[in-house]
Amino acid sequence: MTLASLSRALSFALLLATCFLGAAAPASAQLETRSQLSTNTGPNSVFVADFNHDGKMDVAVASYYNYSPPGIQVFLGRGDGTFGRPRTYDANNGAGPIAGADLTGHGNIDLVAVNQDGGFVSVLLGNGDGTFQPPVDYATPPEPTQVVIGDFNGDGKLDIAVAGQGNGEGVAPAVGILLG
C-alpha cells in the first residue's frame, strides 16, 4: 500500500466515523433570538462581513424595489449580537440578491447587488469604515436573479457572475461574467 492510498483510506475512515458519530449523537442547537433588525419592507438577501475593520460582524440587507424604500441597509455590529442604526444606500430600481468581497484589492469589502428588473448589478465600493460609495451600475443579462463573486479567468482579480432568467420576449436565460 502506497502512502497516498493509505492517506486516502485514512481520510475515508475518518469521514465514515464522523458521519456515523454525527448520526448517532445529534447535536442540539442552542440558538436564541438575540436581536431583531428593523429593515425596509421587502428584504430578500443578507450578506455578512466586517465592513469597518473592527473585528465585529456587520450585516448588509437588500430590499426589492416594489417595496418602499428600496436599497441596501448596512447595520454595523456591536460585537454582542446587537447592531447600530442602519445606513441606507440607494440601489436604483432596488436590490435583489447581494454578495460582497474586496473587488479592487484595497482591503475593504465591496457590495454587489442585483437589480432584478433593471438588468444590471450595482457595485458599492467599501470605504473601510462601514460606509460605501454611491453605486456604479453594470449591465447584465435581462432579469438578473443571482450574483456570485470569484476569479473566473485565473488572473488573480475577482470577477462577478450574474444569472439572468431572460425577459420572456425572445431573450434567453444566460449567465453574464463581468471581469475584474
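Our structure's up above, just so we're on the same page.
Before going into details, it helps to say that this report is about the structure given with it.

What counts and what doesn't
- Residues numbered from 1 in each chain as written.
- Predicted model: local features only at pLDDT ≥ 70, side-chain atom pairs only at ≥ 80, totals over all residues.
- Heavy atoms only, no water.
- Core = buried A, V, L, I, M, F, W, Y, C linked by side-chain atoms within 4.5 Å.
- Buried < 20%, exposed > 50% of the residue type's maximum accessible area, 1.4 Å probe, protein only.
- Helix = DSSP H or I, 4+ residues; strand = E, 2+ residues; numbered from the N terminus.
- Phe/Tyr/Trp six-rings, centres within 6.5 Å; stacked < 30°, edge-to-face > 60°.
- Pairing = 2+ DSSP bridges.
- Axes fitted to C-alpha atoms, helices over the stretch in contact; angles between N-to-C directions.
- Lys, Arg positive; Asp, Glu negative; His and termini not counted.
- Salt bridge = Lys/Arg side-chain N within 4 Å of Asp/Glu carboxyl O.
- Polar contact = N/O pair within 3.5 Å; in protein donor to acceptor, adjacent residues only side chain to side chain.
- Contact = heavy atoms within 4.5 Å.

1. So, the nonpolar core
Counting 15 residues, the largest nonpolar core has Phe 51, Ala 60, Ile 72, Val 74, Ile 98, Leu 111 and Phe 132 as the members making the most contacts within it. For this core, the secondary structure elements donating two or more residues are β1 (43-49), β2 (58-63), β3 (71-75) and β6 (110-115). Membership of the second largest hydrophobic core comes to nine residues, among which are Ala 99, Val 114, Ile 160 and Val 162.

2. Section: the packing of aromatic side chains
Under the counting rule described, the total for this entry stands at three aromatic pairs. Ring centres 5.8 Å apart and planes at 85 degrees place the aromatic pair Tyr 89 and Phe 132 in the edge-to-face group. Placement of the pair is Tyr 89 in strand β4 (residues 87-89) and Phe 132 in the loop between β7 (120-124) and β8 (136-139), with a sequence separation of 43 residues. Assigned by exposure class, Tyr 89 and Phe 132 land together as buried. A connected cluster of aromatic rings, assembled from ring pairs, spans Phe 47, Phe 51, Tyr 89 and Phe 132.

3. Some points on the sheet that holds strand β10 (residues 159-164)
Spatially, β9-β10-β11 is the arrangement adopted by the three strands of the open sheet, whose pairing is antiparallel. Both outer strands of the open sheet, β9 (144-150) and β11 (174-178), are each paired with one neighbouring strand and no more. Strand-to-strand twist across the sheet, computed as the mean angle between neighbouring axes with direction ignored, equals 20 degrees. One ladder, built from five bridges, connects β10 with β11; its direction is antiparallel. Within the sheet, the bridge partner assigned to Gly 164 lies in β11 and is Ala 174.

4. A look at the side chain of Asp 159
One can find Asp 159 in strand β10. The side chain of Asp 159 sits in the buried core without any salt bridge; Lys 157 is the nearest counter-charge, 8.2 Å away. Polar side-chain contacts of Asp 159 include one of 2.8 Å to the backbone nitrogen of Phe 152. Contacts of Asp 159, omitting those with residues within four sequence positions, involve Val 148, Ile 149, Gly 150, Asp 151, Phe 152, Asn 153, Ile 177, Leu 178, Leu 179 and Gly 180.

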